Amino acid sequence: MESSVCWIWVGILFNVPLTGCFELHLSDTLQPRTVVANFSLGPGWTYKVDRTLTPKYIQNFLQVEWQEGVIRLSQNVDCARAPRNPVPVYLRVGSVSPGNFMLTRFNVFVHGQDCFIKYRRKNILGEPDIDIHYLTELDNTSCLPAGSLLLNVSKLLPAFTRNVIFTASECSGKYLKAVFAQGNLFLGHDFCLERGERIAPSLRCALRGDRVSVRVRVQIVTSERHGSLSDAVQRMPDKWNRRRRRNANASPQFQLPNYQVSVPENEAAGTRVITLKAADPDDGEEGRLEYRMEALFDSRSNDFFLINPQTGSITTVQALDREIKDTHVFKVTVTDNGSPRRSATTYLTVTVSDTNDHGPVFEQTEYRVSIRENVEVGFEVMTIRATDGDAPSNANMIYKIVNGDGVNAVFEIDQRNGLVRIRERPDRETMSQYQLIVEANDQGKDPGPRSASATVNISVEDENDNYPQFSEKRYVVQVPENVAVNTKVTQVEASDKDEGNNAKVHYSIISGNVKGQFYIHSPTGVIDVINPLDYEMIREYNLRIKAQDGGRPPLINGTGMVVVQVVDVNDNAPMFVSTPFQATVLENVAVGYSVIHIQAIDADSGDNARLHYRLTDTGPSFPFTINNSTGWITVSEELDRETTEFYAFGVEASDHGVPVMSSSAGVSITVLDVNDNVPTFTEKVYALKINEDAVVGTSIATLTAVDRDVNSVVTYQISSGNTRNRFAITSQSGGGLVTLALPLDYKQERQYVLTVTASDGTRSDTAQVFINVTDANTHRPVFQSANYQVTISEDRPIGSTVVVISATDEDTGENARITYVMEDNVPQFKIEQDSGAITTQTEIDYEVQASYTLAIVARDNGIPQKSDTTYVEIIVLDANDNAPQFLRDVYQGTVFEDAPVYTSVLQISASDRDAGSNGRLSYTFQGGEDGDGDFFVEPYSGIIRTARKLDRENVPVYSLKAYAVDRGVPQLTAAVEVQVSVLDINDNAPVFEKDELFVYVEENSPVGSVVARVSASDPDEGTNAQIMYQIVEGNVPEVFQLDIFNGDLTALADLDYESRTEYVIVVQATSAPLVSRATVHIRLVDVNDNPPVLKDFEIIFNNYVTNKSNSFPSGVIGRVPARDPDVSDKLQYSFLSGNELSLLLLNPETGDLRLSRDLDNNRPLEAPMVVSVTASVSLIRVLLFCCSPDQTGLSVQANPISSPPASSPPASSPPASSPQPRAPSLEPLASARQPLAPSLEPPASARQPLASSL
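Overview of the structure. (Residues numbered from 1 in each chain as written. Predicted model: local features only at pLDDT ≥ 70, side-chain atom pairs only at ≥ 80, totals over all residues. Heavy atoms only, no water.)

**Topic: the state of the cysteines**
The full count for this structure, using the stated rule, is one disulfide. Paired by a disulfide, Cys171 and Cys205 hold their sulfur atoms 2.1 Å apart. Residues Cys171 and Cys205 are joined through a disulfide that is right-handed, its torsion about the S-S bond being 120°. Residue Cys171 is located in strand β11 (residues 166-172), and its partner Cys205 is located in strand β15 (residues 202-209); the two are separated by 34 residues in the primary sequence. Residue classification places Cys171 among the partly exposed residues on the basis of a relative accessible area of 26%. (Disulfide = S-S within 2.5 Å. Helix = DSSP H or I, 4+ residues; strand = E, 2+ residues; numbered from the N terminus. Buried < 20%, exposed > 50% of the residue type's maximum accessible area, 1.4 Å probe, protein only.)

**Notes on the sheet that holds strand β85 (residues 1048-1051)**
With antiparallel pairing, three strands are arranged side by side in an open sheet as β81-β85-β84. At either end of the open sheet lies a strand with only one pairing partner, and these are β81 (1010-1013) and β84 (1040-1042). On average, adjacent strands in this sheet sit at an angle of 25° to one another, irrespective of strand direction. Alignment of β84 against β85, held across three bridges, turns out to be antiparallel. Across the sheet, the residue bridging to Phe1040 is Ala1051, located in β85. (Pairing = 2+ DSSP bridges. Axes fitted to C-alpha atoms, helices over the stretch in contact; angles between N-to-C directions.)

**What to know about the packing of aromatic side chains**
Ring pairs (aromatic) are described by centroid distance and by the angle formed between their planes. Taken as a whole, this structure holds 22 aromatic pairs when the rule is applied. Taking the centre distance of 6.3 Å and the plane angle of 25° together, the rings of Phe624 and Phe649 count as stacked. Pair noted here: Phe624 is in strand β49 (residues 624-626) and Phe649 is in strand β51 (residues 646-654), with a separation of 25 residues, a long-range link. On the basis of relative accessible area, Phe649 is assigned to the buried category, the value being 5%. Each residue in the set Phe622, Phe624, Tyr647 and Phe649 is aromatic and connected to the rest through ring pairs, giving one cluster. One Lys or Arg, Arg385, reaches over the ring of Tyr902 and ends 4.1 Å from the middle of that ring. Over the ring of Tyr846 we find Arg552, and its NZ or CZ is 4.8 Å from the ring centre. (Phe/Tyr/Trp six-rings, centres within 6.5 Å; stacked < 30°, edge-to-face > 60°. Lys NZ or Arg CZ within 6 Å of the ring centre and 35° of its normal.)

**Considerations on the side chain of Thr346**
With respect to the secondary-structure elements, Thr346 resides in strand β25 (residues 343-353). Of note is the side chain of Thr346, whose polar atom sits 3.4 Å from the backbone nitrogen of Asn258. Apart from the residues lying within four places of it in its own chain, the contact partners of Thr346 are Phe254, Leu256, Pro257, Asn258, Tyr259, Leu276, Phe330, Lys331 and Val332. (Polar contact = N/O pair within 3.5 Å; in protein donor to acceptor, adjacent residues only side chain to side chain. Contact = heavy atoms within 4.5 Å.)

**Concerning the pairing of strand β34 (residues 451-461)**
Both strand β27 (residues 366-372) and β34 contribute to a ladder of seven bridges, which runs parallel. Looking at the pairing, Tyr367 lines up with Val456 of β34. For strand β33 (residues 433-441) and β34, the ladder comprises nine bridges, and the chain directions are antiparallel. Looking at the pairing, Gln435 lines up with Asn457 of β34.

**A short note on the pattern of salt bridges**
For the coordinates displayed, the defined rule picks out 44 salt bridges. A salt bridge links Arg368 to Glu366, with the shortest nitrogen-to-oxygen separation between them at 3.0 Å. What makes Arg368 exposed here is its relative accessible area of 62%. The closest approach of N and O atoms between Glu652 and Arg614, which form a salt bridge, is 2.7 Å. Here Glu652, found in strand β51, pairs with Arg614, found in strand β48 (residues 612-616); they are 38 residues apart in sequence, far enough to count as distant. We classify Glu652 as buried; its relative accessible area is 17%. Residues joined in a network through salt bridges with shared partners are Arg372, Glu376, Glu461, Glu463, Arg920 and Arg967. (Salt bridge = Lys/Arg side-chain N within 4 Å of Asp/Glu carboxyl O.)

**Overview of the sheet that holds strand β32 (residues 419-422)**
Strand order in this open sheet of three strands is β28-β32-β31, and the pairing throughout is antiparallel. If you trace the sheet from one side to the other, it starts and ends with β28 (380-383) and β31 (411-413), each paired once. Across the sheet, the mean angle separating the axes of adjacent strands is 20° when strand polarity is ignored. Where β31 and β32 come together, three bridges link them in antiparallel fashion. What sits directly across from Ile413, in β32, is Val420.

**Describing a nonpolar patch on the surface**
On the surface, Val485, Tyr519 and Ile530 cluster together into a nonpolar patch covering about 240 Å² of accessible area. With respect to the helices and strands, the residue Tyr519 is situated in strand β40 (residues 518-520). (Patch = residues over 30% accessible without salt bridge, like charges linked within 9 Å, V, L, I, M, F, W, Y side chains within 5 Å. Areas by Shrake-Rupley, 256 points an atom, 1.4 Å probe, with all protein chains shown as cover.)

**A few points about the environment of Gln789**
Along the chain, the position of Gln789 falls in strand β62 (residues 787-793). In sequence terms Gln789 and Ile874 are 85 residues apart; their C-alpha atoms lie 6.0 Å from each other.

**A few points about the nonpolar core**
Residues Ile71, Phe106, Ile132, Val153, Leu185, Val214 and Val216 are the most contacted members of the largest nonpolar core, which totals 55 residues. Every residue in contact with Val214, bar those within four places of it in the chain, is listed here: Pro128, Ile130, Ile132, Leu157, Phe166, Cys205, Ala206 and Leu207. By size, the runner-up hydrophobic cluster in this structure holds 31 residues, among which are Leu586, Ile596, Leu611 and Val667. (Core = buried A, V, L, I, M, F, W, Y, C linked by side-chain atoms within 4.5 Å.)

**Re the pairing of strand β41 (residues 526-529)**
Regular strands place their side chains on alternate faces of the sheet. Covered by surrounding structure in β41 are Val526 and Asp528 together with Ile527 and Val529, the residues of both alternating faces. Bridge count for strand β37 (residues 487-491) against β41 is four bridges, and the pairing is antiparallel. Among the inter-strand pairings, Gln491 is bridged to a residue of β41, identified as Val526. Here β40 pairs with β41 via three bridges, running antiparallel. The residue of β41 that forms the bridge with Ile520 is Ile527. Hairpin connection of β40 to β41: five residues between the antiparallel strands, including Gly525 at a positive phi of 80°.

In structure tokens, the structure reads:
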């Protein structure tokens, strides 16, 4: 089952077919930071690529998280740069316990265009996939029964292989036997360690499963020797440890090639870290060891640790701080005191474990942010970030709002990412400022959690969500009709709970301002009277007031009502309806008889119009009296025509106003004698017309009645039909004049039928008067609504109808035909004069003007023309017609490459002229460029933050593309370029092109000349990339000097190829505090500065004639013994003289010599020859003596192969008393294997007796 899990995991990871769990298949399209494998074993282990075993090519593409075991791509893989495909990778997994480590090998296949992969069959018996080295500790005296668990192997395997079934296992050990079952190694027999025994039993196991092979090495050490296993092995008794013969002055050896140890930070100076023990089999002084160590990669590490040169114990010099440096790597060297001194090297990695010594630190101690009121629930206000310099286990940040109750319950915070959101809609009018105390807790364990707090001040920005409210529902004010023009009448006041422009209220009169008598000051609400008032014309004004705020769009309250009551002033004197008044009365009427009705009117009202009548110009015993309230004159005493026939007197009508106003009229009464004829109207029916706007006092008609009595006086009265006392009749010139007593109203009565009585005092007659009232333009048009409020979207096309308004007129005909016009020209709108339809005539733009107030006048066509005015409030609704706009064309920011994740880089900001959701923006990288996921933007604040660790050497400058998106329909966006420069930190050590450099220098180069330049590169920049060079090893004696700044290598001594062909030095490149080293092989190039070396030499050839026909040597007998110290020289060989007969055959290239067949005789011969050896510019001449004795032969300084007969002494042997000078021997051939004279070795083909002397 587990095997299938493995396949699924890898298959998902690489999306290619796999051939095994230990093969990684990478596509050249995979992006950097992609996770390609996970070898985590849990806490307590560290992970790194073994750089000594893994090809450098693949190291550049893989990044291992040293505490997590996760392998990521550090850059795009490139097939073209792959020296081979697949490439082996070795992952070293180390433990905090010294000596425990695993080495995992896997092949990396690179797939892509132009990639060639050479698949090979896996060698089952070859190198294992996983090599486990494990030390287990026992007490000094311990016994383990059979079946004891030695090691849980499964727990040391990667998670994806732990349940692999191993089909074969083989374990071997001298002192231990083990059995492998169910992923564990169990002891196969009882095992005891006796006191004093210092053995270190070990065990090796080979495990093989489906596609997985594991090699396990287990070693048991006692507690007293823990950490010095080599000592334990060295001191084993003979019965366990048979000591092998050793060479004199053997080299010391460390137990392991590298060590790993963890030390807590903040421990006091002198804390023991580890003791590194090396073993040297030598005794005495030669076995005395000295330890030293030096920091690799970062020279600062030297300031924190000290090694005891005698014991190898490493202690701290000062307290460690993981946040400054969490890993220290040292090269530890042990040297013995033998001659020569020998040394060994190991590597120590000290990991500084974290303690919770840093509290959280907020990006700001105080945050300030503004939000709009009424934002939706879930709205993201801002992100609060705190960082902690400790390790992740002590920096697992949890956020909370400390004062989150009460009014602050409007907000909530995500405890993990610090995002503050809206939980309830805020209302600025309820609460405009919030102050949150946010706490960050790192949840640290050692010694305990730390926390910090920051203050978040949130201001709620106003939205226009409150209508203006009048201070009173109805304002009532009384104003005397004689008030001066431009006098303040009253002041209305409306308040708005919003603020700023949203609370600025403007006032206007929208109806009831008949004849424009009043004016309201828009900002203050003060109402002034601007035209004279006339109580007698209009007694009360009902003004409707509109209060409008300055929001976008504005909110309007049109319910304000101001009632202006015009207070009457006594400014009108009574006016008699007719003057003079005439009447007749019979002399025999009874006392109390009503003679005539004196009638006056007063345009004022109240007491100012209540009249009091009295008679004037009367004498004592005057027979008439007047009712001072009604104006009826009645007979108060008996009349006697014979005594007084005619009475003329005055009547006065006075009002009750202050001051009292009065008027007078004349009255004449004729006392008639009793008569017997009835007055008769000349016409019984009268038909008349009168315009309703006729003024009071207008004469309508004169009715005439004829009385045949002598001196009869006829009086006229309206006896019926005089509705509302609109008419009056007076006797004038014998007729009855009908006049208009009060104003007419066509709406109330359109016809009057008056019955008029003509009386001579005793007898009477009647006539009917039909008065038709004709319509006058007495009514003004009246709008159906005093105030219209309509809306229109700004994206409506030109010509769109906004609203149709309508007014009515109670008149008829032309007096009721209404025409509509706009009082002021507003170019955006027009009104159809007959229908009242208001339409747009230009484009409407909410962003230019959010509302319009049109004053519409409805006029009738009467004479005089009358009108009414209404106000149309047009609210423009916003359409999403404006895209967001960024405040800058390009945003630029910087961030250090070691900045923690979520670091704030910069803030982008855009605005949108639209309103509401159309103008509410969010920010995103979606559809843009986020640096391959290296950055993200907070959607509401626009803060751009890092999403993961940056690497300037990988990407120095990011060109991001962010968008601002509104919430309108359809959504509109705006893009902006964001350039983020990654600032360098010194996080890269200098890098040589290769770990081993080869430099070729001609010998004899002048002293002081630059023979080479050593160069390293540093991917950092600026001062972080400044490199200093120095020679740290191998320059003894001081032959070379390295320029500290440019790496020029200068020769300080003569370089002679013949003396020394190669120098090996170690150079160090330092970019403080980081260092790297390379081994430089300086190989001298030979130049021709030495002549060939060759001395005179002699060849003696003895030819013993036998019965063997093939005894003559026909092959190479030797080589001219010339040499040239210059290895580059090519020697040329030739005879200059003496060999004219070609007795010797010389190869000009190699110097090989052969004998001519002409020498195959028994004749003695001595021939001096001159041989020339040429090397480029040098010429050497030597003398060669070649001697061939007779058949008896003589061997000089050589032992003959076969002796001749004793009776035949060599005749040609030189006398003993005169020895010949001897030349150097001919250079023998290495291939000559038969026993010949030491001076000359003939080739294998020479089988006859042959010797050559020196």
